[in-house]
Amino acid sequence: MKRKRRTGLIWWIVIALVIIAGITGFVHQRLAHPKTTTVRLGLVGTDSQPVWDNVKKRLAKEGINVEYVTFNDYVQPDVALKDGKIDMHSCLTRYYFDSYNKKEHAHLASIGNTVISPLGIYSKKYKHINDLPDGATVAIPNEPTTLGRGLNVLQSAGLIKVKKGSGIKPSLKDITANPKNLQFKEVDPATAARALDSVDASIINGNYAEAANLNPKKDSIYLEPVNKAAKPYVNIIAVQAKNKHNKVYQKVVKAYQTEETKHVIDKTYKGAQQAAWPIYGRN
C-alpha cells in the first residue's frame, strides 16, 4: 500500500513539473515574442520616411509594427483618418489640420508635435536681406496659406508691414507699408526654387529648398524665426479624437519625441526641418 502511495505521489510530482515547465515555456515565449500591433500611418510622399524608419525600428522592439500608407496630396490623409482607413497620420501642419477638422466636423485630434520647416528667403544675387534694392522682385508661393506666411516672414525681416488683424493669412492687398517698393511674382510653391534665376529673391518652403540642394541655415538670406508666431506651421501626429489616449498611439508619439529622432532630423534635413517638440512642447 505504501509503495502504491509513493508511486502515485511520484506521478503527481511528475505531472506538476510538466505543467510548471509548460507554463514557464509559454510565459517565456510570450515575453520573447510579444504580440504585434500594426499601426497604419499616413504620410505624404517619402520625404519623412528616413525619420520614421528610425522610429519604426525602435517601435518594432515593443511589438508595434508601423505600416506606411502614402498619399500624393495633403487632403487625403485627413479624409482617410476620418474614415478609419488609417490609424494616424504625420504629414500636416497644425493650421491646415485644424482648418479641415473644424470645417468638416471630422472629430480628429493632434497627439504630438513632430517637425517645423521654416520658410527661407533665398537669392542668387544678394547675400543679405538688407541688400535687396528698391523695386526688387520677390517670388512668393501662390498658395494662400503659404503666401500669407511668406508676407509675415517679410514683415519679420523688416521689409514690409501688413494690416493688423490679418492673422496668419494676409494677402498682397493687406500690405500697408512697402518702403522698398518690392514687386511680387506669385509662383507655384514647387517652382519657387527654380524662380531664383529670374527674380532678385524667392521665398521657398523647407522641403522644396532641400529638394533644390539649398541649405536653409547656410544658403538663405533670411530664415523664418521659429517662435510663437510660427506654431501654426508645426507638423503634428493626428488620430481620431476617440483614440487620443490610446496607449499604443501614445507609445508611437513617445518613440518619436526622443533625442535620437532629433539627431536623425538634424542629420537628414540640415535645417530644412527642425524638431518641434523641444521648442513648442510635446503637443
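Let me sum up the structure you'll find in this document. (Residues numbered from 1 in each chain as written. Predicted model: local features only at pLDDT ≥ 70, side-chain atom pairs only at ≥ 80, totals over all residues. Heavy atoms only, no water.)

Some words on a nonpolar patch on the surface
Thought 1: Residues Tyr74, Val75 and Tyr96 make up a contiguous nonpolar surface patch of roughly 260 Å² in combined accessible area.
Thought 2: The class of Tyr74 is partly exposed, set by a relative accessible area of 38%. (Patch = residues over 30% accessible without salt bridge, like charges linked within 9 Å, V, L, I, M, F, W, Y side chains within 5 Å. Areas by Shrake-Rupley, 256 points an atom, 1.4 Å probe, with all protein chains shown as cover. Salt bridge = Lys/Arg side-chain N within 4 Å of Asp/Glu carboxyl O. Buried < 20%, exposed > 50% of the residue type's maximum accessible area, 1.4 Å probe, protein only.)

With respect to a positive patch on the surface
Thought 1: Taken together, the side chains of Lys247, Lys251, Lys254 and Arg282 define a basic patch exposed on the protein surface.
Thought 2: Relative to the helices and strands, Lys254 resides in helix H8 (residues 247-256). (Lys, Arg positive; Asp, Glu negative; His and termini not counted. Charge placed at Lys NZ, Arg CZ, Asp CG, Glu CD. Helix = DSSP H or I, 4+ residues; strand = E, 2+ residues; numbered from the N terminus.)

Digging into unusual backbone geometry
Thought 1: The phi dihedral of His105 is positive, around 50 degrees, even though this residue is not glycine.
Thought 2: Here His105 is to be found in the loop between helix H4 (94-104) and strand S4 (108-116).
Thought 3: Overall, His105 belongs to the exposed group, its relative accessible area being 61%.
Thought 4: Within the chain, Lys270 stands out as a residue other than glycine whose phi angle is a positive 50 degrees.
Thought 5: Inspection of the secondary structure assignment puts Lys270 in the loop between helix H9 (259-269) and strand S13 (274-275).

Quick word on the packing of helix H2 (residues 49-60) against H9
Thought 1: Across the interface, H2 lies against H9 with an axial gap of 9 Å and an inter-helix angle of 155 degrees. Taken together, the axes of H2 and H9 are roughly antiparallel relative to one another. Helix-helix and strand crossings are classified by hand; for H2 and H9 the assignment is right-handed. Contact with H2, carried on its side by Pro50, Val51, Asn54, Val55 and Arg58, involves Glu260, Thr261, Val264, Ile265, Thr268 and Tyr269 of H9 and no other residues of that element.
Thought 2: By residue class, the composition of the contact of H2 with H9 is six nonpolar, three polar and two charged. (Axes fitted to C-alpha atoms, helices over the stretch in contact; angles between N-to-C directions. Parallel < 35°, antiparallel > 145°, perpendicular 65-115°, else oblique. Left-handed = near helix turned anticlockwise from the far one by under 90°. Contact = heavy atoms within 4.5 Å. Nonpolar A, V, L, I, M, F, W, Y, C, P; charged D, E, K, R; others polar.)

Here's the deal with the nonpolar core
Thought 1: Grouped together as the largest cluster of nonpolar side chains are 26 residues, with contacts concentrated most on Trp52, Met88, Tyr256 and Ile265.
Thought 2: Mapped by element, the contributors of at least two residues to this core are strand S1 (37-44), H2, strand S2 (64-71), S4, strand S12 (234-240), H8 and H9.
Thought 3: Looking at this core element by element, the count peaks at five residues for H8.
Thought 4: Those residues in contact with Ile265 that lie beyond four places of it in its chain are Val51, Val115, Tyr256, Lys270, Gln273, Gln274, Ala275 and Trp277.
Thought 5: Counting 20 residues, the second largest nonpolar core, distinct from the first, contains Ile121, Leu132, Ala157 and Ile160. (Core = buried A, V, L, I, M, F, W, Y, C linked by side-chain atoms within 4.5 Å.)

Description of the environment of Lys127
Thought 1: For Lys127, the position within the fold is in the loop between strand S5 (120-122) and strand S6 (137-141).
Thought 2: C-alpha of Lys127 to C-alpha of Asp219: the two residues are 92 residues apart in sequence and 8.6 Å apart in space.

Remarks on the pairing of S1
Thought 1: Both S1 and S2 contribute to a ladder of eight bridges, which runs parallel. Within S2, the residue paired with Thr38 across the bridge is Asn65.
Thought 2: As a crossover connection, the stretch from S1 through H2 into S2 is right-handed.
Thought 3: Pairing analysis gives two bridges linking S1 to strand S3 (residues 88-93), with the strands arranged parallel. By the bridge assignment for S3, Leu41 is matched with Met88. (Pairing = 2+ DSSP bridges. Right-handed = clockwise from strand over helix to strand, strands pointing away.)

Details of the sheet that holds S2
Thought 1: The strand order S2-S1-S3-S12-S4-S13 describes an open sheet built from six strands, whose pairing is mixed. The outermost strands of the open sheet, each flanked by one partner alone, are S2 and S13.
Thought 2: Each of S1, S2, S3 and S12 touches H2; the most contacted strand, S2, lies at about 155 degrees to it.

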